[in-house]
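In case you want the letters, here they are:
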Amino acid sequence: MKRRLRIGIDAHVITGRYQGTRTTLTRLLQALAWRTRPHDIIVYSDDPKQAQALVGGSGLEHRALGSGGSVK
């Protein structure tokens, strides 16, 4: 029997300014969104609604990262 994993991804860069890491992580999450089963994947960002609009797919859960200054 396979074990169901709960995986959290810090994706704060996908709702920030445009940069290479933003594009790379967005594309990675787009590919991952359709291949999550049987695992739960939670995407943490500063703006969960914007992140969900960028990534699309229904296989990911989006949550707010929360504020914490420059060192989170």
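Structural data are supplied above this passage.
Cut-offs and rules
Along each chain, the written sequence defines residue order, and numbers are assigned to residues from 1. This being a predicted model, a pLDDT of at least 70 is required before a residue's local features are given, and a value of 80 or more before pairs of side-chain atoms are given or counted; all residues contribute to the totals for chains, interfaces and linings. Only hydrogens and water are removed before side-chain values are computed, so all heavy atoms of the structure are retained for them. A pairing counts as a salt bridge when a side-chain nitrogen of Lys or Arg comes within 4 Å of a carboxyl oxygen of Asp or Glu. Counting from the N terminus, the helices are DSSP H or I runs at least four residues long and the strands are E runs at least two residues long. Categorising residues by exposure relies on relative accessible area from a 1.4 Å probe, with only protein chains included: less than 20% of the type maximum marks a residue as buried, more than 50% marks it as exposed, and the intermediate range marks it as partly exposed. It only takes one pair of heavy atoms within 4.5 Å for two residues to be counted as in contact. Each aromatic pair joins two rings of Phe, Tyr and Trp (for Trp, the six-membered one) with centres within 6.5 Å, and gets the label stacked for planes under 30 degrees apart, edge-to-face for over 60, and tilted for any other angle. Two thresholds decide whether a charge sits over a ring: the Lys NZ or Arg CZ must be within 6 Å of the ring centre and within 35 degrees of the ring normal. By nonpolar core we mean a set of buried residues, namely Ala, Val, Leu, Ile, Met, Phe, Trp, Tyr and Cys, connected to one another through side-chain atoms within 4.5 Å.

Caption draft 1: Representation of the pattern of salt bridges. For the structure shown, the criterion picks out three salt bridges. Close ionic contact of D40 with R4 constitutes a salt bridge, the shortest N to O distance being 2.6 Å. Of the two residues, D40 is situated in strand 2 (residues 40-45) and R4 in the segment before strand 1 (6-10); the sequence distance between them amounts to 36 residues. For D40, a relative accessible area of 25% translates into the label partly exposed. The class of R4 is exposed, set by a relative accessible area of 52%.

Caption draft 2: Quick peek at the environment of H12. Relative to the elements of secondary structure, H12 occurs in the loop between strand 1 and helix 1 (20-32). Residue classification places H12 among the partly exposed positions, given a relative accessible area of 34%. As a C-alpha pair, H12 and S45 span 33 residues in sequence and 4.2 Å in three-dimensional space. Other than its neighbours up to four places away in sequence, H12 contacts Y44, S45, D46 and L65.

Caption draft 3: Summary view of the packing of aromatic side chains. With the rule as written, the count across this model stands at zero aromatic pairs. The ring of Y18 has R22 sitting right over it, with the charged end atom 4.0 Å from the ring centre.

Caption draft 4: Molecular detail of the nonpolar core. Grouped together as the largest cluster of nonpolar side chains are 12 residues: I9, A11, V13, I14, L25, L29, A33, I41, V43, A51, V55 and L60. Secondary structure elements with two or more residues in this core: helix 1, strand 2 and helix 2 (48-55). Ignoring any residue separated from it by four or fewer positions in sequence, one finds V55 in contact with I14, L29, Q30, L60 and H62.

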